[in-house]
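Residue strings, one per chain:
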Amino acid sequence: MLYTRGNQAYKKGDLSTAENCYKQGLSCISKEASRSCLRALLLCYSNLAATHMSLGRMRDALEDCKMAAEIDQNFLKVQLRAAK
């Protein structure tokens, strides 16, 4: 799964690979998908935001956080990332 590969790349410090994995994951999941798929979409946006923050791309990170919040406005982790 692309999300898992993105997480592994992020942990290794390979931010460009992590970014690509999360973006590919986003392109594979429809916003009209099932609840479990929406959870994966939420996590991809959230982790992409973290990756963008690590790359110093704060505007991109904020946009990712906004997209994640549209999926689940109660997801605290993405609210904290947006605040940073």
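Below you will find a few notes about this structure. Just so we're clear, the structure is a prediction, and the values are computed from it rather than from any experiment.

Topic: the overall build of the protein
Each helix and strand counted, the protein has five helices and zero strands in total. In the protein, the succession of helices and strands from N to C terminus is α-α-α-α-α. For 84 residues, the compact-globule estimate of 2.2 N^0.38 gives 12 Å, and the C-alpha radius of gyration of the protein, at 12 Å, lies within 12% of that figure. Projected onto the principal axes, the alpha-carbon positions of the protein cover approximately 30 × 30 × 15 Å. Burial statistics for the protein: of 84 residues in total, 40% are counted as buried. Sequence separation of at least 24 residues holds for 47% of the intrachain contacts in the protein that already meet a minimum separation of 6. Between the centroid of the 13 positive side chains of the protein and the centroid of its 8 negative side chains there is a distance of 6 Å.

A short note on the pattern of salt bridges
Enumeration according to the criterion identifies four salt bridges in this entry. Here R57 ties to E19 by a salt bridge, and the two come within 2.8 Å at their closest N and O atoms. Remark: E19 occurs in helix α2 (residues 15-28) and R57 occurs in the loop between α3 (35-54) and α4 (58-71); sequence separation between them is 38 residues. D60 is the salt-bridge partner of R57, the closest N and O atoms lying 2.9 Å from each other. Judged by its relative accessible area of 30%, R57 falls in the partly exposed class. Overlapping salt bridges bring together E19, K23, R57 and D60 as one network.

Some details on the environment of L55
With respect to the secondary-structure elements, L55 resides in the loop between α3 and α4. When near neighbours in sequence (up to four residues on either side) are disregarded, L55 contacts L15 and E19.

Some details on the side chain of T51
One can find T51 in helix α3. According to the relative accessible area criterion, T51 is buried, its value standing at 0%. Ignoring any residue separated from it by four or fewer positions in sequence, one finds T51 in contact with Y10, L15, A18, E19 and Y22.

Overview of helix α1 (residues 2-12)
Every buried residue of α1 is accounted for by L2, Y3, G6, N7 and A9. Taken around the axis of α1, the buried residues stretch over an arc of 165 degrees, which confines them to a single face. The exposed residues of α1 that point more than 90 degrees off its buried face are K11 and K12. Where the residues of α1 are buried, they touch α2 and α3. Positive phi appears at G13, one or two residues downstream of α1, with a value of about 85 degrees.

Reading guide: rules and limits
Residues numbered from 1 in each chain as written. Predicted model: local features only at pLDDT ≥ 70, side-chain atom pairs only at ≥ 80, totals over all residues. Heavy atoms only, no water. Helix = DSSP H or I, 4+ residues; strand = E, 2+ residues; numbered from the N terminus. Rg over C-alpha atoms; globule rule 2.2 N^0.38 Å. Buried < 20%, exposed > 50% of the residue type's maximum accessible area, 1.4 Å probe, protein only. Contact = heavy atoms within 4.5 Å. Lys, Arg positive; Asp, Glu negative; His and termini not counted. Charge placed at Lys NZ, Arg CZ, Asp CG, Glu CD. Salt bridge = Lys/Arg side-chain N within 4 Å of Asp/Glu carboxyl O. Arc of directions from axis to C-beta.

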